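Observations on the three-dimensional arrangement
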Amino acid sequence: MNDMHIMYLANVKCLLAACLCTAGAFGAGNAIPRSADEAIAGALANVKSRYRAKLDHYGLTESYFDETSGICDLMLLDVQNWTKYQIVYYRATDEISWPCMMPKGVAKDLMQDRLIIHKYELVLGKGEKKSKDDDSKRPKPSTKSARRKKPKPPILHQEYVPTSEEKATMEDALKNAHEANDAYEKKRKKPPLAQTSDFRQMEELKRGGMSGDEIASRFGIDRVREYNAAHPGKPIKTSKHSKPGAPGLAW
């Protein structure tokens, strides 16, 4: 609101006060307000009632209103779905911006009532007129966004040092891996049961006096060679003809 309008309202206030004094002198009674403030307060109450009725009709409630340097900002809230509606009026150019979800006529009507309320409150001393000087005294918001500080990531080329608990876990895992590998190798190198049984019988027959050729004839020359490889100190000796396909031996 500009200064000329404030002066106009102040003159209206003085004129109302003069008329009220004249009416009181002629005994007009209590039907006429006793002061200009009461008259403006009554008009303010009527506009407020009308403004609130419109908000109730549209299911809205006022969240924020401010006028700074001729820019009037009205924020309305739909409490059912928490949708915000912002209406901005520029006094210098008589322009208004309104949300696309709201008709322009509704936005202008609500802003007009809210400006009248603001004017009456200024006259009654309930409002606060803001100027450019007030804006200059405001602390300027920081250009940096208020983001939460995140911990810095570790340096990629820096070698990771495990904790004592992690070291113990890795040592246990390595130990278990070695034990499992040793068990696998032992099981893999262990001769099959059939071979072990043959070796035992071959050893008993050898002690019983059976010749190497007879043992080779019964178990095969390959099994004899396996036995000799497993028992290099006590081999089973066969003749030079003890080989697969040699005459006189049943292979």
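Model, not experiment: these values are computed from the prediction. What you see as residue numbers is a count from 1 along each chain, following the sequence as written. With pLDDT at 70 or above as the cut-off, local features in this predicted model cover only qualifying residues; side-chain atom pairs require 80 or more to be listed or tallied, and sums for whole chains, interfaces and linings still use all residues. As a rule here, side-chain values cover all heavy atoms of the structure and leave hydrogens and water aside.

**Some words on the overall build of the protein chain**
Here is the rule: Here a helix means four or more residues in a row that DSSP labels H or I, a strand means two or more in a row labelled E, and each is numbered from the N terminus. Exposure categories follow from relative accessible area, calculated using a 1.4 Å probe and restricted to protein chains: below 20% of the type maximum is buried, above 50% is exposed, and the middle band is partly exposed. Contacts are residue-level and defined by heavy atoms, with any inter-residue pair within 4.5 Å sufficient.
Looking only at helices and strands, one finds 8 helices and 4 strands in the protein chain. Each helix and strand of the protein chain, placed in order from N terminus to C terminus, yields the pattern α-α-β-β-β-β-α-α-α-α-α-α. Within the protein chain, buried positions represent 24% of all 251 residues. In the protein chain, of all internal contacts separated by at least 6 residues, the share reaching a separation of at least 24 is 44%.

**Topic: the side chain of Gln-195**
Relative to the helices and strands, Gln-195 resides in helix α6 (residues 193-207). Classification of Gln-195 as buried rests on a relative accessible area of 14%. When sequence neighbours within four positions are dropped, the list of residues in contact with Gln-195 reads Arg-223 and Glu-226.

**Things to note about the packing of aromatic side chains**
We apply this condition: Two aromatic rings, drawn from Phe, Tyr or Trp (for Trp, its six-membered ring), form a pair once their centres lie within 6.5 Å of each other, and the interplanar angle then sorts them: stacked below 30 degrees, edge-to-face above 60, tilted otherwise. Placement of a positive charge over a ring is assigned whenever Lys NZ or Arg CZ falls within 6 Å of the ring centre and within 35 degrees of the normal to the ring plane.
Considering all chains together, one arrives at 1 aromatic pair under this definition. Summarising the aromatic geometry, the rings of Phe-199 and Tyr-227 are spaced 5.4 Å apart at their centres and angled 80 degrees between planes, so their arrangement reads as edge-to-face. A residue pair is termed long-range when its members are at least 10 positions apart, and Phe-199 in helix α6 and Tyr-227 in helix α8 (residues 221-230) qualify at 28 residues. You can call Tyr-227 buried: its relative accessible area is 1%. The ring centre of Phe-65 lies 4.2 Å from the NZ or CZ of Arg-114, which sits over that ring.

**Looking at the sheet that holds strand β2 (residues 71-78)**
Heads up, the rule is: Criterion used throughout: strands pair if DSSP finds at least two bridges between them. Between the N-to-C directions of two axes lies an angle of 0 to 180 degrees, each axis being a line fitted to C-alpha atoms and, for a helix, fitted only over the stretch in contact.
Across the sheet, 4 strands lie side by side as β1-β2-β3-β4; this open sheet has antiparallel pairing. Only two strands of the sheet have a single neighbouring strand rather than two, namely β1 (61-68) and β4 (95-97). Averaged over neighbouring strand pairs, the angle between their axes works out to 10 degrees when direction is ignored. Relative to strand β3 (residues 83-90), β2 runs antiparallel, the two being bridged by 8 bridges. Counted as the bridge partner of Leu-77 is Lys-84 from β3.

**Some points on the environment of Asn-228**
Mapped onto the fold, Asn-228 is located in helix α8. If near-sequence neighbours (up to four positions away) are discounted, Asn-228 is found in contact with Pro-235 and Ile-236.

**Here we look at the nonpolar core**
Using the following cut-off: By convention a nonpolar core is built from buried Ala, Val, Leu, Ile, Met, Phe, Trp, Tyr and Cys residues, the set being connected through side-chain atoms within 4.5 Å.
Counting residues in hydrophobic clusters, the biggest one holds 20 residues, and the most contacted among them are Tyr-51, Leu-74, Leu-76, Ile-87, Met-102 and Met-111. Breaking this core down by element, the ones donating at least two residues are α2 (36-58), β2, β3 and α3 (104-123). Take this core: its biggest share by element is 6 residues, from α3. Phe-199, Met-202, Ile-215 and Tyr-227 belong to the second-largest nonpolar core, a separate cluster that totals 9 residues.

Functional significance is not addressed by these values, which are geometric in nature.
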